[in-house]
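A closer look at the structure
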Amino acid sequence: MSEEQKKEFLEPLEDERGLVVEESRPELKKPPLYQVLLLNDDYTPMEFVVEVLEMIFGMDRPKATRIMLEVHTKGKGRCGVFTYEIAETKVAQVGSYAQQHQHPLLSTLEEV
């Protein structure tokens, strides 16, 4: 686009009555966020939960251990906050990985 075309494009438009009309910019809003929660069960080993948190959520061992203990003591623990599509993918990855290793570990997502 040449400089003249850019200048012409950026100038306010006039309508047939001589009024200046300026294009409005669309308002962008941030997408809603969802938290991924791991749910406690009596069968999944604690070490497996730590492994899931490290592998799927990219946590270091101390943080993964802290969240695993939260899941164990409080019944659920927050693994992270993501947009809907990413949170949905993380829930699916947890379910698939747990199923492959024959553990009943469940996760869910909630809007923040």
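Residues numbered from 1 in each chain as written. Predicted model: local features only at pLDDT ≥ 70, side-chain atom pairs only at ≥ 80, totals over all residues. Heavy atoms only, no water.

The next thing to look at is unusual backbone geometry. A positive phi angle, close to 55°, is found at Gln102, a residue other than glycine. Mapping Gln102 onto the fold places it in the loop between helix 4 (84-100) and strand 5 (106-111). (Helix = DSSP H or I, 4+ residues; strand = E, 2+ residues; numbered from the N terminus.)

Residues Leu38, Leu53, Phe57 and Leu105 are the most contacted members of the largest nonpolar core, which totals 23 residues. Residue assignment for this core shows that the elements contributing at least two residues are strand 3 (33-39), helix 2 (46-57), helix 3 (61-74), strand 4 (76-83) and helix 4. (Core = buried A, V, L, I, M, F, W, Y, C linked by side-chain atoms within 4.5 Å. Buried < 20%, exposed > 50% of the residue type's maximum accessible area, 1.4 Å probe, protein only.)

Time to look at the sheet that holds strand 5. Sheets are built from strands paired through backbone hydrogen bonds, the pairs being either parallel or antiparallel. Spatially, the 3 strands line up as an open sheet ordered 4-3-5, and their pairing is antiparallel. Taken across any chain shown, the strands that pair with only one partner, and hence form the sheet edges, are strand 4 and strand 5. Mean inter-strand twist for the sheet, computed between neighbouring axes without regard to direction, equals 25°. Where strand 3 lies against strand 4, 7 bridges are found, and the strand directions are antiparallel. Bridge pairing links Gln35 to Val81 in strand 4. The sheet contacts of helix 4 involve strand 3, strand 4 and strand 5, and relative to strand 4 the element is tilted by about 140°. (Pairing = 2+ DSSP bridges. Axes fitted to C-alpha atoms, helices over the stretch in contact; angles between N-to-C directions. Contact = heavy atoms within 4.5 Å.)

Before going further, it helps to examine a nonpolar patch on the surface. Among the surface-exposed residues, Leu33, Val81 and Val112 lie close enough to one another that they form a single nonpolar patch of about 250 Å² accessible area. Relative to the helices and strands, Val112 is located in the segment after strand 5. Residue class for Val112 comes out exposed when judged on its relative accessible area of 63%. (Patch = residues over 30% accessible without salt bridge, like charges linked within 9 Å, V, L, I, M, F, W, Y side chains within 5 Å. Areas by Shrake-Rupley, 256 points an atom, 1.4 Å probe, with all protein chains shown as cover. Salt bridge = Lys/Arg side-chain N within 4 Å of Asp/Glu carboxyl O.)

Overall, the coordinates contain 3 aromatic pairs when judged by the stated rule. With 5.1 Å between their ring centres and 70° between their planes, Tyr34 and Tyr84 make a pair best called edge-to-face. With Tyr34 in strand 3 and Tyr84 in helix 4, the pair connects residues that are 50 residues apart, well separated along the chain. Tyr84 gets classed as partly exposed once you look at its relative accessible area, which sits at 37%. Ring centres of Phe48 and Tyr97 lie 5.5 Å apart, and the angle between their planes is 5°; this geometry places the pair in the stacked category. You can see Phe48 sitting in helix 2 and its partner Tyr97 sitting in helix 4, a full 49 residues away along the chain. (Phe/Tyr/Trp six-rings, centres within 6.5 Å; stacked < 30°, edge-to-face > 60°.)

The next point concerns the packing of helix 2 against helix 3. Direction vectors running N to C along helix 2 and helix 3 enclose 130°, while the axes themselves pass 9 Å from each other. Comparing their axes, helix 3 and helix 2 come out oblique. Helix-helix and strand crossings are classified by hand; for helix 2 and helix 3 the assignment is right-handed. Where helix 2 abuts helix 3, its residues Met46, Glu47, Val49, Val50, Leu53 and Glu54 lie against Arg61, Ala64, Thr65, Ile67, Met68 and His72. A class-by-class count of the residues in the contact of helix 2 with helix 3 yields 7 nonpolar, 2 polar and 3 charged. (Parallel < 35°, antiparallel > 145°, perpendicular 65-115°, else oblique. Left-handed = near helix turned anticlockwise from the far one by under 90°. Nonpolar A, V, L, I, M, F, W, Y, C, P; charged D, E, K, R; others polar.)

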